[in-house]
Amino acid sequence: HYEGSLDIARRLVVLDSSSAEAQRDVSASLNRLGDLLSIHGDLAGARPFYEEGLQINQRLAAQDPRSAEAQRNFSVSLNKVGDILRTQGDLAGARARYEQSLRIRERLAAADPSSAEAQRDVGVSLERLSDVLVAQGDIAAARTRFEERLHISERLAAADPNSASLQRDVSVSLTRLGDVLRAQGDLAGAQIGRAHVST
């Protein structure tokens, strides 16, 4: 079904190559195929789909730099390629994609500070980047990023205390930061974070 959808989307782009909507549809179909292959563990097969989707979204973002949707789609594609590279062991490549995604999302959040989605997107990118930093052994930098992630999570959860997903974000952020503190030998700091999770 996804391959059929992709074929149709490609044909529509041929009919109207100037249509940003048609190109977005191709990118969306590529990402769905990449996701499907990733779920089944075929990272090598998923990577070309994600990379083609990234090229499309990068081009659309460049063509319409004021479009928050185009910029966000670009950041999503960067994260998807980064995820593949990280899993394949290319930590430097993954870090570069995550850092670029984070810069885009920080700009979007600054442009619309009232958007909880934009703020949460920044947190997601911070977490991905932190994971790579830990894998690279840069624990101090990872701690800084995890702390930024925690501050965002706490702020969003305080603004919407009835959101279970936002409360969970705080719990996860505290746990991840605790792991980093423990890796640095700060057992007391790690314990405080974990105690905060359990309360």
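These numbers were taken from a predicted model, which means no experiment stands behind them.

About the thresholds
Residues numbered from 1 in each chain as written. Predicted model: local features only at pLDDT ≥ 70, side-chain atom pairs only at ≥ 80, totals over all residues. Heavy atoms only, no water. Helix = DSSP H or I, 4+ residues; strand = E, 2+ residues; numbered from the N terminus. Buried < 20%, exposed > 50% of the residue type's maximum accessible area, 1.4 Å probe, protein only. Contact = heavy atoms within 4.5 Å. Areas by Shrake-Rupley, 256 points an atom, 1.4 Å probe, with all protein chains shown as cover. Polar contact = N/O pair within 3.5 Å; in protein donor to acceptor, adjacent residues only side chain to side chain. Expected span 1.5 Å × (residues − 1). Axes fitted to C-alpha atoms, helices over the stretch in contact; angles between N-to-C directions. Parallel < 35°, antiparallel > 145°, perpendicular 65-115°, else oblique. Left-handed = near helix turned anticlockwise from the far one by under 90°. Nonpolar A, V, L, I, M, F, W, Y, C, P; charged D, E, K, R; others polar.

A. Spotlight on the overall build of the protein. Helix and strand content of the protein: 9 helices and 0 strands. From first element to last, N terminus to C terminus, the protein shows the α and β order α-α-α-α-α-α-α-α-α. Across its three principal directions, the C-alpha atoms of the protein cover 60 × 35 × 30 Å. Residues counted as buried form 40% of the 199 residues belonging to the protein. Residue pairs at least 24 apart in sequence account for 51% of intrachain contacts in the protein once pairs closer than 6 positions are excluded. For the protein, the computed accessible surface area is about 10,600 Å², with 51% contributed by carbon and sulfur atoms.

B. View of the side chain of Arg105. Mapped onto the elements of the fold, Arg105 is located in helix H5 (residues 91-111). Of note is the side chain of Arg105, whose polar atom sits 2.8 Å from the side chain of Ser75.

C. Structural view of helix H2 (residues 20-39). Over its 20 residues, H2 runs 28 Å from end to end, which matches the ideal 28 Å to within 8%, given 1.5 Å per residue. When we look at burial in H2, the residues that qualify are Ala22, Gln23, Val26, Ser27, Ser29, Leu30, Asn31, Leu33 and Gly34.

D. Local environment of the packing of H5 against helix H6 (residues 116-135). Following both chains from N to C, one finds H5 and H6 inclined at 160°, their axes separated by 9 Å at the closest point. Relative to H6, H5 is oriented roughly antiparallel. Note on packing geometry: the crossing formed by H5 with H6 is left-handed. Facing H5, whose interface residues are Leu91, Ala94, Arg95, Tyr98, Glu99, Ser101, Leu102, Arg105, Glu106, Leu108 and Ala109, H6 presents Ala118, Gln119, Asp121, Val122, Val124, Ser125, Leu126, Arg128, Leu129, Val132, Leu133 and Ala135. Across the contact of H5 with H6, the residue classes tally to 14 nonpolar, 3 polar and 6 charged.

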